[in-house]
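# An overview of the molecular structure
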Amino acid sequence: MFTAADESPFDALSSFHPVVQAWFRETLGPPSAPQIRGWPLIRQGRDVLIAAPTGSGKTLTAFLACLDQLFRQAADGALPDQTRVLYVSPLKALGNDVQKNLLEPLAQLKARAKAQGLELPDIRVLVRSGDTSAKDRAAMVKKPPHVLITTPESLYLYLTAERSRATLAGVRTVVVDEIHALARDKRGSHFALSMERLKAVIAAQEPGAVPQCIGLSATTRPLEALGQFLTGVPAPGRPPVEVVQVGHVRPWELSLEVPEDELSSVATHEMWGQLYERLVALSQTHRTMLVFANTRRLAERVGHDLAERLGADAVGTHHGSMAKELRLAVEDRLKEGRLKVMVATASLELGLDIGSIDLVVQLGTPRSIAVMLQRLGRSGHRVSAISKGVLFALTRDELVECTALLRAIKEGRLDAVRLPTKPLDVLAQQIVAEVAAQDWDERALYQRLTQATAYVDLTPHEYEQVLQLVSDGVATSRGRSRVHVHRDRVHGQLKARKGARLMALQNGGAIPDLFSYPVIAEPDDKQVGTLDEDFAVESMPGDVFVLGSTSWRIRRIFDGQVRVENANGLPPSVPFWNGEAPARTDELSREVASLRADVLAHPEPRAWLEGELKLPSHAADLLVRYVKAGAAALTTVPTQTTLVAERFFDEAGGMQLIIHAPFGARVNRAWGLSLRKSFCRAFDFELQAAATDDGILLSLGEQHSFPLADIFKFVSPFTAERVLVQAVLQGPMFGTRFRWAAGRALALSRLQNGKRVPPPIQRARAEDLIAAVFPEQVGCQDNHGGQEIEPPDHPLVSESLKDCLHDLMDVGGLVRVLEGMKRGDIKTVAVDLPEPSVFAHQLLNSAPYTYLDDAPLEERRARAVSVRRALPDAEAKEFGALDAAAIRQVVEDAQPTVRDAEELHDALLQLGVVPLEVLGRWAPDGARPWLDALAADDRAG
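Residues numbered from 1 in each chain as written. Predicted model: local features only at pLDDT ≥ 70, side-chain atom pairs only at ≥ 80, totals over all residues. Heavy atoms only, no water.

## Points about the overall build of the protein chain
The secondary structure content of the protein chain amounts to 35 helices and 30 strands. When the 941 residues of the protein chain are sorted by exposure, 55% land in the buried category. Taking as baseline every contact in the protein chain between residues at least 6 positions apart, the subset at least 24 positions apart corresponds to 73%. For the protein chain, the accessible surface area stands at approximately 40,100 Å², while carbon and sulfur atoms represent 51% of it. (Helix = DSSP H or I, 4+ residues; strand = E, 2+ residues; numbered from the N terminus. Buried < 20%, exposed > 50% of the residue type's maximum accessible area, 1.4 Å probe, protein only. Contact = heavy atoms within 4.5 Å. Areas by Shrake-Rupley, 256 points an atom, 1.4 Å probe, with all protein chains shown as cover.)

## As for unusual backbone geometry
Residue Pro 523 is reached from Glu 522 by a cis peptide bond, and omega for that bond is 5°. Along the chain, the position of Pro 523 falls in the loop between strand S19 (516–521) and strand S20 (526–532). Of note, the phi angle at Lys 614 is positive, near 60°, even though the residue is not glycine. Locating Lys 614 in the fold gives a position in the loop between helix H22 (605–612) and helix H23 (617–634). Despite not being glycine, Thr 635 shows a phi value in the positive range, around 75°. Inspection of the secondary structure assignment puts Thr 635 in the loop between H23 and strand S24 (642–649).

## A look at the pairing of strand S12 (residues 359–363)
Taking burial as the measure, the 5 residues of S12 include 5 buried ones, the bulk of the element. In S12, alternate side chains face the same way, and those of Leu 359, Val 361 and Leu 363 on one face and Val 360 and Gln 362 on the other are all buried. Relative to S12, strand S9 (residues 289–292) is paired through 4 bridges, and the arrangement is parallel. What sits directly across from Leu 290, in S12, is Val 360. Two strands pair when backbone bridges link them, and S12 and strand S13 (residues 387–392) are joined in this way by 4 bridges, in the parallel orientation. Along S13, the bridge assignment pairs Leu 363 with Phe 392. (Pairing = 2+ DSSP bridges.)

## With respect to the environment of Arg 860
Structurally, Arg 860 is set in the loop between helix H31 (841–844) and helix H32 (884–894). Residue classification places Arg 860 among the buried positions, given a relative accessible area of 9%. Each C-alpha atom, one on Arg 860 and one on Leu 844, is 9.5 Å from the other, the two residues being 16 residues apart in sequence. Leaving out residues up to four positions away in the same chain, Arg 860 has contacts with Gln 688, Ala 689, Tyr 851, Asp 853 and Ala 855. Engagement of the side chain of Arg 860 in a polar contact is seen with the backbone oxygen of Ala 689, the distance being 3.3 Å. One polar contact links the side chain of Arg 860 to the main-chain carbonyl oxygen of Ala 855, over a distance of 3.0 Å. (Polar contact = N/O pair within 3.5 Å; in protein donor to acceptor, adjacent residues only side chain to side chain.)

## Overview of helix H17 (residues 442–449)
Buried within H17 we find Glu 442, Leu 445, Tyr 446 and Leu 449. Projected onto a plane normal to the axis of H17, the buried residues spread over an arc of 105° and lie on a single side. Packing partners of the buried residues in H17 comprise helix H9 (186–205), helix H16 (424–437), strand S14 (440–441), helix H18 (460–472), strand S17 (485–488) and strand S18 (493–496). (Arc of directions from axis to C-beta.)

## A short note on the sheet that holds strand S22 (residues 550–558)
Within the open sheet, the 5 strands sit side by side as S20-S19-S23-S22-S21. Their pairing is mixed. A single partner strand is all that each edge strand has here, and the edge strands are S20 and strand S21 (544–547). Sheet twist, expressed as the average angle between the axes of neighbouring strands with direction ignored, equals 40°. Both S19 and strand S23 (residues 561–566) contribute to a ladder of 3 bridges, which runs parallel. (Axes fitted to C-alpha atoms, helices over the stretch in contact; angles between N-to-C directions.)

## As for the side chain of Arg 187
Within the secondary structure layout, Arg 187 lies in helix H9. Side-chain polar atoms of Arg 187 contact the backbone oxygen of Pro 90, separated by 2.8 Å. Once residues lying within four places of it in the same chain are set aside, the contact partners of Arg 187 are Pro 90, Pro 152, Glu 153, Leu 182, Ala 510 and Ile 511.

## A look at the sheet that holds strand S26 (residues 688–691)
Strand order across the open sheet formed by 5 strands is S26-S27-S25-S24-S30, with mixed pairing between neighbours. With partners counted over all chains shown, the strands left at the sheet margins are S26 and strand S30 (827–832), one partner each. Taking the axes of each pair of neighbouring strands and ignoring which way they run, one obtains an average angle of 15° across the sheet. Docked against the sheet, H23 engages S24, strand S25 (655–660) and S30, running at close to 80° with respect to S30. This element, helix H24 (residues 665–683), spans S24, S25, S26 and strand S27 (695–700) of the sheet and lies at about 20° to S27.

## Quick notes on the confidence of the model for the protein chain
Taken over all residues, the pLDDT of the protein chain has a mean of 86, while the share at 70 or more is 90%. In this model, residues 1–6 is a region of pLDDT below 50 whose contacts with residues beyond four sequence positions or in other chains number 4 contacts. Overall, residues 874–880 carries pLDDT values under 50, and its contacts beyond four positions in sequence, including any with other chains, amount to 13 contacts. (pLDDT = per-residue confidence, 0-100.)

## Some details on the nonpolar core
The biggest cluster of nonpolar side chains holds 121 residues, and the ones touching the most others in it are Ile 431, Trp 671, Leu 698 and Ile 711. Looking at which element gives the most residues to this core, the answer is H16, with 9 residues. In contact with Trp 671, not counting residues within four places along its chain, are Leu 643, Ile 659, Ala 661, Ile 696, Phe 712, Val 715, Leu 814, Val 817, Leu 818 and Met 821. Leu 406, Leu 414, Val 592 and Leu 613 belong to the second largest nonpolar core, which has 47 residues in total. (Core = buried A, V, L, I, M, F, W, Y, C linked by side-chain atoms within 4.5 Å.)

## Notes on the pairing of S22
Direction of pairing for S21 relative to S22: antiparallel, over a ladder of 4 bridges. Note on S22: the bridge partner recorded for Val 544 is Arg 553. What sits between S21 and S22 in their antiparallel hairpin is a turn of 2 residues, with Gly 548 showing a positive phi close to 65°. The pairing of S22 with S23 spans 6 bridges and is classified as antiparallel. For Arg 556, the partnering residue across the bridge sits in S23 and is Arg 563.

## Observations regarding the packing of aromatic side chains
A complete count under the given rule lists 15 aromatic pairs for this structure. Here the aromatic rings of Phe 63 and Tyr 87 are separated by 5.2 Å at their centres, their planes lie at 35°, and the arrangement is tilted. A residue pair is termed long-range when its members are at least 10 positions apart, and Phe 63 in helix H3 (residues 58–75) and Tyr 87 in strand S2 (residues 85–88) qualify at 24 residues. For the pair Phe 63 and Tyr 87, one class covers both residues: buried. Ring plane angle 40° and centroid distance 6.1 Å describe the contact between Phe 734 and Phe 738, whose orientation is recorded as tilted. Residue Phe 734 and its partner Phe 738 are located together in helix H26 (residues 732–744), separated by 4 residues, close to a single helical turn. An aromatic cluster is defined as three or more aromatic residues linked by ring pairs; in this entry it consists of Phe 16, Trp 23, Phe 24 and Trp 39. The positively charged end of Arg 596 is found above the aromatic ring belonging to Phe 839, 5.0 Å away from the centroid. (Phe/Tyr/Trp six-rings, centres within 6.5 Å; stacked < 30°, edge-to-face > 60°. Lys NZ or Arg CZ within 6 Å of the ring centre and 35° of its normal.)

## Considerations on the pattern of salt bridges
For the structure on display, the rule yields 56 salt bridges. Residues Lys 186 and Asp 425 are paired through a salt bridge, measuring 2.9 Å at the closest nitrogen-oxygen approach. Here Lys 186, found in helix H9, pairs with Asp 425, found in helix H16; they are 239 residues apart in sequence, far enough to count as distant. For the salt bridge of Asp 598 with Arg 407, the shortest nitrogen-to-oxygen distance reads 2.5 Å. With Asp 598 in helix H21 (residues 586–601) and Arg 407 in helix H15 (residues 396–410), the pair connects residues that are 191 residues apart, well separated along the chain. What you see here is one network of salt bridges that share partners, running through Lys 186, Asp 425, Arg 744, Glu 799, Lys 802 and Asp 803. (Salt bridge = Lys/Arg side-chain N within 4 Å of Asp/Glu carboxyl O.)

Given below as structure tokens:
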């Protein structure tokens, strides 16, 4: 807050053109904190990373300084007819939105200037993305915009195509929006290499010129690493990036609600009905409500069910499998205020301006603190507005996680972004694309590409391997395949071979092909969305499904397409889209473990939860009873410093073993696969297994007998990675990731002659490629004689294994856990129980994406376990324990009598055996004198 003695916030505008100053004052009022702190640095030409909450004016912070520069040049008649500002957004919709939000201020500025006698030329702002028509793309190359708005993939294409590449030589400012969402995967590494290619284009026209980089981020850390990702290695003499951090939480109101019925491990039909009733009630007290679902299937289901209650015109659905036209139409309805409820996935998570949202609802846990903050910020998306949100928990474990999430937000904790390191498949693609655009000296290209932060540690050996891949290809029975670069080893020169540019243009990008079928509506012949390949193949003509809140009837399925017609509201089924659910972040996993321990240790946990976190009384009571009931059965509560193994029998006579380890699914998936491989070697039996964010489930057979505490020693920290590599090589994940890596590296074609290569052909070609570079992987296992498979030192194999071990799983985190147990820093507890503890119920009902084996749902041994629906008495300390009197009676009945001992002794004497030591272990007290006498006789000879 400014006082009378402070400077006015309007002083931050003093360096702008008077027309720009007047427009900002009259239109927007006082500048926001990011603008006050960011503008001076931007005007100085510094590289800047601005981290501020959603809706705090970050985008205008970056753009107003750029527009002011363009405005001044236009007023002086010195505006160059070339692209000067490049804006990169990870979402196409966000780029379209930014263009609209820039055109209006530019029109107003031009009108104001004209009123003051200044005739200004147009400042062109255009969007180039995958949705841009070929005609518009050609026009943009002929007459480049002053501000180019694009996506990372379109920037790559711009740099690779000959004519468009030249138009980027005049870029002097690069704005990267939502950088935290871009940097966290290979898409970010791909963009970082594109930025280095862009710098090379700029430097070729004006030696020494370096574009100014402005990054916009929200709700993340570490900001220093993101800043380095933004700029790469700073040019000599250029200061490092300046970080402007304005907090990560705006004023907010976030509450947690649960259905009236007592929660269980799964949500019942009645609970969903109560949820819909509550959503309807909330929609009646708010103008517009945005409901976030974690999957496209759930979004379609909730959207359809709410539309039946509120009317089809009042509810919309939005997700990435809907066609562009449907998404834009529903976005427009939302902006115009014609929708009461929008049900969306992560497609509306980022800073898209979708009008006034009064309330954000999150169904279940988003598994990330940052994601929840990002979604919460979609409500009140204005400076000084309050973000309002509601978290709905539908199971007991969701209640614990949502409460931990609420606590983390309240106390200001954040997730950390994990930045990928030197992905070799992306590097291969960018080398082909850059060499296709111009010839390079291979040493100079190495120096340029290693300026990107992700590739700073790229070794000459790794670079040599990638060069060999793109210049020598892969030797197959049909000859060398996919040779894109001619390499002059004598002079160290790289030149493109015929077809290299076309291959790079048609198959560029880092997003893997997940094999979806386009849905074409007849008779208009327009695409309305995409369906998962499995759902499409399993469907039949006449089936009705919902997509984009509309019912569609399938007419026919052929040539990789699903042809449909409007079903006019017939009751539909809900399609599914296969995918890998995101694992809970490490930070939120720590919050869950900490909350469990604190609830158990707090003297008044119910009052604490109601007072500090504002939980409803019945939710607080349920959470406390749940934690105490689990702790009573397991003798302790599982945390990240206390792990618990429990074992119990199922109805089929087998056993279920659960390791409660709240480390998140990436660590648990690695541990579960390693245990599964260890069991396979020790017992010659392939276990059914599953891994969730909170533990590992192993379905044991009758032949698996061992002391339960030994389960913590089955995997050693010294051999864990080697064992996990063997498990990965024999699972489907390696083949899938190899295909993805080969596609990124341009060793496989995803598009050919402008048409998509059918999924079966892609899979077959990927298997042929594996056979060429890694024949042991597809060879007969009988010929290995039980020996471990040794992966070759090939960039595609190495990258695929790295994706499995460090992206899908966290082998480093697993090793740290195993080392902690070995040192004693992590306590281990083993408990055999007559029935599963309440903490085990979620694992027994695990979703298919948690399975570590390929057994279908109907064959899961875990389904042979009956669990109680309601919680036991939380105060009953003997929950799960056998009756003490019954135990004594069984022991007495099982003990042999003196007569039994005599008969056994006589029988063994006839065999020439004197079993004194054996008898002494189990003989009853009454037989002791008799045994002592026998021992004396024995000693006497």
